[in-house]
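Here are the chains, one letter per residue:
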Amino acid sequence: MNGQVKIPQGDQKVTVELTMKELMALAGIRFHGNHNVEVSARKKLNSVLEEKYEIEGGNQPRQMLN
C-alpha cells in the first residue's frame, strides 16, 4: 500500500524554543543518566502540535513522536 498522507497546512512553519541539549537529544544524542532532556524536548514539540491541530475523535488515544 503506497497511500499518501495529506496533512492540512503541512508546509506551515512553526517555532519551538529548545535548549541546545534538547536539540541534541532529538537529533539522537543520548544523555545517559538524564533522560529528562529528551522528554522535555518531546513535550515541547507535542505541545506545539496540539496547539496547531485540533485532534478529532475526542476519546481516541493518540501517540505522538514516540
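Below or above, wherever it landed, is the structure these notes cover. Owing to the predicted nature of the structure, the values given are computational and were not obtained by experimental measurement.

## Considerations on the pattern of salt bridges
Any two side chains of opposite charge can pair, so long as their charged atoms come close to each other.
Consideration 1: Evaluated as defined, the whole model comprises three salt bridges.
Consideration 2: Of the charged contacts, one joins Glu22 and Lys44 as a salt bridge, the two residues approaching to 2.8 Å between their closest N and O atoms. Note that Glu22 is positioned in helix H1 (residues 20–26) and Lys44 in helix H2 (residues 36–52), a separation of 22 residues in sequence.
Consideration 3: For Lys44, a relative accessible area of 30% corresponds to the partly exposed category.
Consideration 4: With its nearest N and O atoms 3.0 Å apart, the salt bridge here joins Arg30 to Glu38.
Consideration 5: By relative accessible area, which is 14% here, Glu38 ends up buried.
Consideration 6: Ionic contacts of the salt-bridge type, sharing partners, join the residues Arg30, Glu38 and Arg42 into one network.

## Here's the deal with H2
An α-helical turn contains 3.6 residues, so a residue and the one three or four places further along point in the same direction.
Consideration 1: An ideal rise of 1.5 Å per residue puts 24 Å on 17 residues; H2 measures up with 24 Å between its terminal C-alpha atoms.
Consideration 2: Those residues of H2 not exposed but buried are Val37, Glu38, Ala41, Asn46 and Val48. One side of H2 holds all its buried residues, which, seen down the axis, span an arc of 165 degrees. For H2, the exposed residues set more than 90 degrees away from the buried face come down to Asn36, Lys43 and Glu51.
Consideration 3: Considering only its buried residues, H2 is in contact with H1.

So, how was this worked out
Every chain is numbered independently, its residues counted from 1 as its sequence is written. With the structure being a predicted model, the display of local features is reserved for residues of pLDDT at least 70 and the display and counting of side-chain atom pairs for 80 or more, all residues being used for whole-chain, interface and lining totals. Processing note: side-chain calculations cover all non-hydrogen atoms of the structure and skip hydrogens and water entirely. Each reported salt bridge corresponds to a side-chain nitrogen of Lys or Arg within 4 Å of a carboxyl oxygen of Asp or Glu. Helix and strand definitions here come from DSSP, where helices need a minimum of 4 consecutive H or I residues and strands a minimum of 2 consecutive E residues; each element is numbered from the N-terminal end. Classification of residues uses two cut-offs on accessible area relative to the type maximum, computed with a 1.4 Å probe and protein chains only: under 20% is buried, over 50% is exposed, and between them is partly exposed. Take the number of residues in a helix, subtract one, and multiply by 1.5 Å to get its expected span. Taking the helix axis as origin, the arc is that swept by the directions to the C-beta atoms. Here a residue-residue contact requires only that any non-hydrogen atoms of the pair lie within 4.5 Å.

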